[in-house]
Each structure stands twice: as C-alpha cells, then as structure tokens.
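Fold and contact review
Residues per chain are reported as follows:
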Amino acid sequence: MSRLAVGLLALLMAGCSGLVPEPQDGPGRVIDDPMAIPDAVPQTVPASRYGNPEQYEVFGQTYRVMDSAAGHRERGIASWYGSKFQGRRTSSGEPYDMYAMTAAHKHLPLPTWVEVRHLDTDRSIVVKVNDRGPFADDRIIDLSYAAAAKLGMLERGTAPVEIRVVTPDEPTRGDYWIQMAAFRDAGNARQLARQLQGAPLSASPVIREGGDGLHRVRLGPLPDSARVDQLRAELENARFSPGHVIIPADSSD
C-alpha cells in the first residue's frame, strides 16, 4: 500500500516515530454516483518539494524516482486505499483525500497526471499522482477510494490497467465522443449515466456541464472512427439511441 506513515519513513518522519497496530483499510461513505466525480485536470505546477528525492528506501528495498514522466506508459495491476489513511500526509506533503481523484506510484515524479484505463472494461479515468506506493511487487498504482469507484474496481479490489502520463496540452486519449443527451436537470443526466454504466458498453459515460447550463451525457473518449462504429453498434444492441458523434472542436454541441 502507498502511504507515508507505512512506507516513506526515510523521507518524512514527522509524526511517524513509531508504527503501532492499526485497523484494516476500508471504504468510506458510499459514493452514490461515481461517474459524476470529475476527473483530475492536468496542470503545469512546480515539482513537490518533499516527494522527489533521487531515491528512497521502503521495507529494505530501494526505489528511484524518474527524472521525467514524459511519455511514460505501463501495464500492471491497480489497487486502492481508503479510510485508514484519510487525512494523513502523502509523500508530496498534501493530506490524503480519499474522495479526490488521486493515486500513488513508486517512481513517477510528484505530481504527475496519468490516465488509468481498465483493461477488462476499457473505462478510463484521469488522476493526480501525489503519493508513493504501492509496495506490493505485482501492483503498479494505488488509486484513491473515489478513483477506484469511478474505475469500477472497488468490489474486486484490484484491476488490470494501463497507465499513461497526460499533460495539460493533451489531457485525454482519443478524439471522438458520442453524446447521448443534454439536460437542464442534472438529476436526469445522472440517471442516464447510471443506465449507460449498467449496460454492456466498452466506453464509460461522463457528464459535462457547459456554460449554457446544460448537462451533457457522453461516452468516450474514442481513438478512431472504428471504435465509434463499434460503440454505436453496442448501443443499438443495448436498446439505446446511437447518439451524436462529436470531436473536441465540436464540444459545445
């Protein structure tokens, strides 16, 4: 698990002079509508003052921090952490917020923003990496409770994922979206998003609120027209309308 109090003893000892038995980690309050949680937004910010030593040691093993996150991509197993660590100081110095879209990684510079794609469902989220871990050999990223809920992996606890670094200039993969509907009432948008989330679709619904007060329910992002055609066929099989295909330049539709 990724945590300062458990792992980065060599970096930040304040408040962690002695480890004592603690309860098992677990969930917080139920998140009624995970899809309504906005993804983290990549930003250009200074590197963390505390979270980027050249190397650090946890449980007798040495880990090196990458000089640059540019172009980084990897596949492996994601896990999540929750209430046990709520409010504790992360490796970047920020308090851990289990309801924010954050994550922990052993080697990426802090902070870094990554897209996490669930390889079984193709659902994707964007999170801010602001902590260190997970320190289990078979896991590459530890998601916050909220991020795990939005990715759809809370119940199982782990998921096969691909992660890739994203930047403010290129925050998402793919150029295409399918817009299903636009509502004045946010509740109606959430209801449709829940229905889509429960259908056998290869893309996840998101809700975008525009300056015109409309709440747009969209599926995506999709990398090319072939994936658009595939998803529209899935919608037809699930008895939904085929929606309206848009690209970012057409995002106000």
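Computed from a predicted model, the values in this text were never measured in an experiment.

Turning our attention to the overall build of the protein chain. On a plain count of helices and strands, the protein chain comes out with three helices and 12 strands. A total of 253 residues make up the protein chain; the buried ones form 48% of that total. Counting only carbon and sulfur atoms, one obtains 49% of the accessible surface of the protein chain, whose full area is about 12300 Å².

Right, let's talk about the environment of Ile 77 for a bit. As for its placement among the helices and strands, Ile 77 is situated in strand 3 (residues 73–81). By relative accessible area, which is 26% here, Ile 77 ends up partly exposed. Separated by 83 residues in sequence, Ile 77 and Pro 160 place their C-alpha atoms 4.6 Å apart. With residues up to four places along the chain from it excluded, the contact list for Ile 77 reads Asp 138, Arg 139, Ile 140, Ile 141, Thr 158, Ala 159 and Pro 160.

Time to look at the pattern of salt bridges. The final tally for this structure, using the stated rule, is 11 salt bridges. Close ionic contact of Arg 156 with Asp 120 constitutes a salt bridge, the shortest N to O distance being 3.6 Å. Placement of the pair is Arg 156 in the loop between helix 1 (145–151) and strand 8 (159–166) and Asp 120 in the loop between strand 5 (112–118) and strand 6 (124–131), with a sequence separation of 36 residues. An identical accessibility class is assigned to Arg 156 and Asp 120; each is exposed. One salt bridge connects Asp 138 with Arg 139, and the closest N-O pair in it is separated by 3.9 Å. Members of the salt-bridge network, linked through shared partners, are Arg 73, Arg 75, Arg 117 and Glu 162.

Another aspect to go through is the packing of aromatic side chains. Within this structure, the stated rule accounts for seven aromatic pairs. For the pair Tyr 56 and Tyr 63, a centre-to-centre distance of 5.5 Å together with 25° between the ring planes defines the contact as stacked. For Tyr 56, a relative accessible area of 4% translates into the label buried. Taking relative accessible area as the criterion, Tyr 63 reaches 5% and is therefore assigned buried. Relative to Phe 135, the ring of Tyr 56 has its centre 6.3 Å away and its plane inclined at 75°; by these criteria the two rings are edge-to-face. In this pair, Tyr 56 sits in strand 1 (residues 55–58) while Phe 135 sits in the loop between strand 6 and strand 7 (139–144), placing the two residues 79 residues apart along the sequence. Given a relative accessible area of 12%, Phe 135 falls into the buried group. Counting every residue linked through ring pairs, the aromatic cluster contains Tyr 56, Tyr 63 and Phe 135. The ring of Tyr 99 carries Arg 29 above its face, with NZ or CZ at 4.1 Å from the centroid. It is Arg 89 that lies over the ring of Tyr 50; its NZ or CZ is 4.9 Å from the centre.

We now examine the sheet that holds strand 8. An order of 3-7-4-6-5-8 is seen for the six strands of this closed barrel, with the pairing classed as mixed. For this sheet, the mean inter-axis angle between neighbouring strands, taken without regard to orientation, is 45°.

Averaged over every residue, the pLDDT of the protein chain is 84; the share at 70 or more is 86%. Every residue in residues 1–22 scores below 50 in pLDDT, and together they form 50 contacts with partners more than four places removed in sequence or on other chains. Every residue in residues 249–253 scores below 50 in pLDDT, and together they form nine contacts with partners more than four places removed in sequence or on other chains.

Parameters at a glance
- Residues numbered from 1 in each chain as written.
- Predicted model: local features only at pLDDT ≥ 70, side-chain atom pairs only at ≥ 80, totals over all residues.
- Heavy atoms only, no water.
- Helix = DSSP H or I, 4+ residues; strand = E, 2+ residues; numbered from the N terminus.
- Buried < 20%, exposed > 50% of the residue type's maximum accessible area, 1.4 Å probe, protein only.
- Areas by Shrake-Rupley, 256 points an atom, 1.4 Å probe, with all protein chains shown as cover.
- Contact = heavy atoms within 4.5 Å.
- Salt bridge = Lys/Arg side-chain N within 4 Å of Asp/Glu carboxyl O.
- Phe/Tyr/Trp six-rings, centres within 6.5 Å; stacked < 30°, edge-to-face > 60°.
- Lys NZ or Arg CZ within 6 Å of the ring centre and 35° of its normal.
- Pairing = 2+ DSSP bridges.
- Axes fitted to C-alpha atoms, helices over the stretch in contact; angles between N-to-C directions.
- pLDDT = per-residue confidence, 0-100.

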